[in-house]
Amino acid sequence: MLRITCAALAGLLGLWGVSNTALADGIRGEVGAGLSYQPHDPTGSRYETRPVPYVDLDWGNVSLSTDDGLTWSAVDTHGFSAGPYINYLQGRTSNGSLQGLRNVSDMAEVGGFVQYAPADFWRVYAQLGQAVGGGHSQSGTLGKLGGELGYPLGGGIIGSSGLVAHFADARQANTFFGVDDHEAAATGFRPYNASGGFQNVTLTQSFEFPLAPHWSLLTSASWVHLVGSAANSSIVKQTGDVNQGQVQTAISYKFD
C-alpha cells in the first residue's frame, strides 16, 4: 500500500500514452486513503505510522494499483497476461539506530511481469525489474514471485490471502542490508557484504467490509520473514528483526 524520479517519469509517460485508448473503456476499481503501521526500512530497525493511498484501478489493459504500480497487459489472452510495469521503491532516512549508515533515495522500479489469472478471484504472477534513479550504488535488479486468492465470507465481506517471495541481486541487497568499512566505523555495525538471492517471504491477509453503497473499509495484516543474506545482515542482527509485521487500514470508494 507511492516521488518518482525523472528516469521513472519517462517510463510512466510512455505507459500513460498507451493508456489513452484504454480510457475509452471507462475506469473500474477503487481509490481511497488510510494509515499503515510498518517497519521504517526492510531491516525492521523500528516501526512508524504513515499515511498511505489505496489504488486499484483498471482502464482496459492498463492497471494502477498500490502494490503492483502502473502496468500494461500488452499480452492478455485466456487468463494469461504479460507486459511492462513501473512502480515506486521507498527509500530510507538513516537516523536513530541507523545513524551513520547511508541514506537511501526514493527510487522507481521498471521492468516486466507475467501473470496467470483465469478468474477474478485468484492469480499467480512474477515480476522482474531494475531499480533506477537512486544514488551511487543504490540500484540493482529485483523481483518477486507470488500468488493471491480472494473469497466471499458472507454479508458482503471479501477476504484475500497472498504469499509473495521477494528477491534481489547483490547490488540491490547491499543498498539496505550491506555495511561498508566507513559505515562500520561510524555505527558500530559489523561490516557486511550482502549477496543476491531471495530476501524475504511475505504472507498477507486482507478483508474488505462494505460500509455503504460504493464505500468500503479495507484492512490487511502482513508477516514478513527475512531469509538468506538479508536475514544474516549485521544491521538485522544488531538492531533489526528477521520477523516483521505490518498492518494497514483504509476507506475506499468503488467505481461502477
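Residues numbered from 1 in each chain as written. Predicted model: local features only at pLDDT ≥ 70, side-chain atom pairs only at ≥ 80, totals over all residues. Heavy atoms only, no water.

Caption draft 1: Structural context of the overall build of the protein. Along the backbone of the protein there are five helices and 13 strands. Looking at the protein as a whole, 41% of its 256 residues are labelled buried. Of the accessible surface of the protein, which amounts to about 12,500 Å², a share of 61% is contributed by carbon and sulfur atoms. (Helix = DSSP H or I, 4+ residues; strand = E, 2+ residues; numbered from the N terminus. Buried < 20%, exposed > 50% of the residue type's maximum accessible area, 1.4 Å probe, protein only. Areas by Shrake-Rupley, 256 points an atom, 1.4 Å probe, with all protein chains shown as cover.)

Caption draft 2: Local environment of the packing of aromatic side chains. Overall, the coordinates contain six aromatic pairs when judged by the stated rule. Taking the centre distance of 6.2 Å and the plane angle of 35° together, the rings of Phe207 and Phe209 count as tilted. Clustering of aromatic rings is evident, with ring pairs tying together Trp215, Tyr253 and Phe255. (Phe/Tyr/Trp six-rings, centres within 6.5 Å; stacked < 30°, edge-to-face > 60°.)

Caption draft 3: Just the pattern of salt bridges, in detail. Counted by the stated rule, this structure contains seven salt bridges. Among the ionic pairs, Asp58 bridges to Arg28, the shortest N-O distance being 3.9 Å. Separated by 30 residues along the polypeptide, Asp58 in strand β2 (residues 47-59) and Arg28 in strand β1 (residues 28-39) bring together distant segments of the chain. Through salt bridges with shared partners, a single network forms among Asp68, Arg123, Lys144 and Glu148. (Salt bridge = Lys/Arg side-chain N within 4 Å of Asp/Glu carboxyl O.)

Caption draft 4: Helix α2 (residues 170-177), seen in detail. Counted residue by residue, α2 has six buried out of eight residues, so it is predominantly covered. Along α2, the residues that are buried comprise Gln172, Ala173, Asn174, Thr175, Phe176 and Phe177.

Caption draft 5: The pairing of strand β13 (residues 243-255), seen in detail. Pairing analysis gives nine bridges linking β1 to β13, with the strands arranged antiparallel. Opposite Leu35, over in β13, you have Thr249 as the bridge partner. Of the pairings in the sheet, the one linking strand β12 (residues 215-226) to β13 comprises eleven bridges and is antiparallel in character. Counted as the bridge partner of Leu218 is Ala250 from β13. (Pairing = 2+ DSSP bridges.)

Caption draft 6: Focus on the side chain of Asn200. Assignment of secondary structure puts Asn200 in strand β11 (residues 197-212). A residue is classified by how much of its surface remains accessible, and Asn200, at 12% relative accessible area, is buried. There is a polar contact of 3.0 Å between the side chain of Asn200 and the side chain of Thr202. Excluding residues within four positions of it along the chain, Asn200 makes contact with Val164, Ala165, His166, Val224, His225, Leu226 and Val227. (Polar contact = N/O pair within 3.5 Å; in protein donor to acceptor, adjacent residues only side chain to side chain. Contact = heavy atoms within 4.5 Å.)

Caption draft 7: Broad picture of the nonpolar core. Ranked by size, the top nonpolar core spans 21 residues in total, and within it Leu101, Phe177, Val179, Phe189 and Ile235 carry the most contacts. Among the elements of the structure, α2, α4 (228-231) and α5 (234-238) are those that each provide at least two residues to this core. Looking at this core, the element that brings in the most residues is α2, giving three residues. Filtering out sequence-adjacent residues up to four positions away, Phe177 remains in contact with Pro42, Thr43, Tyr192, Ala194, Gln199, Leu226, Ala230, Ser233, Ile235 and Val236. Counting six residues, the second-largest nonpolar core is a separate cluster that includes Val55, Leu57, Trp59 and Ile86. (Core = buried A, V, L, I, M, F, W, Y, C linked by side-chain atoms within 4.5 Å.)

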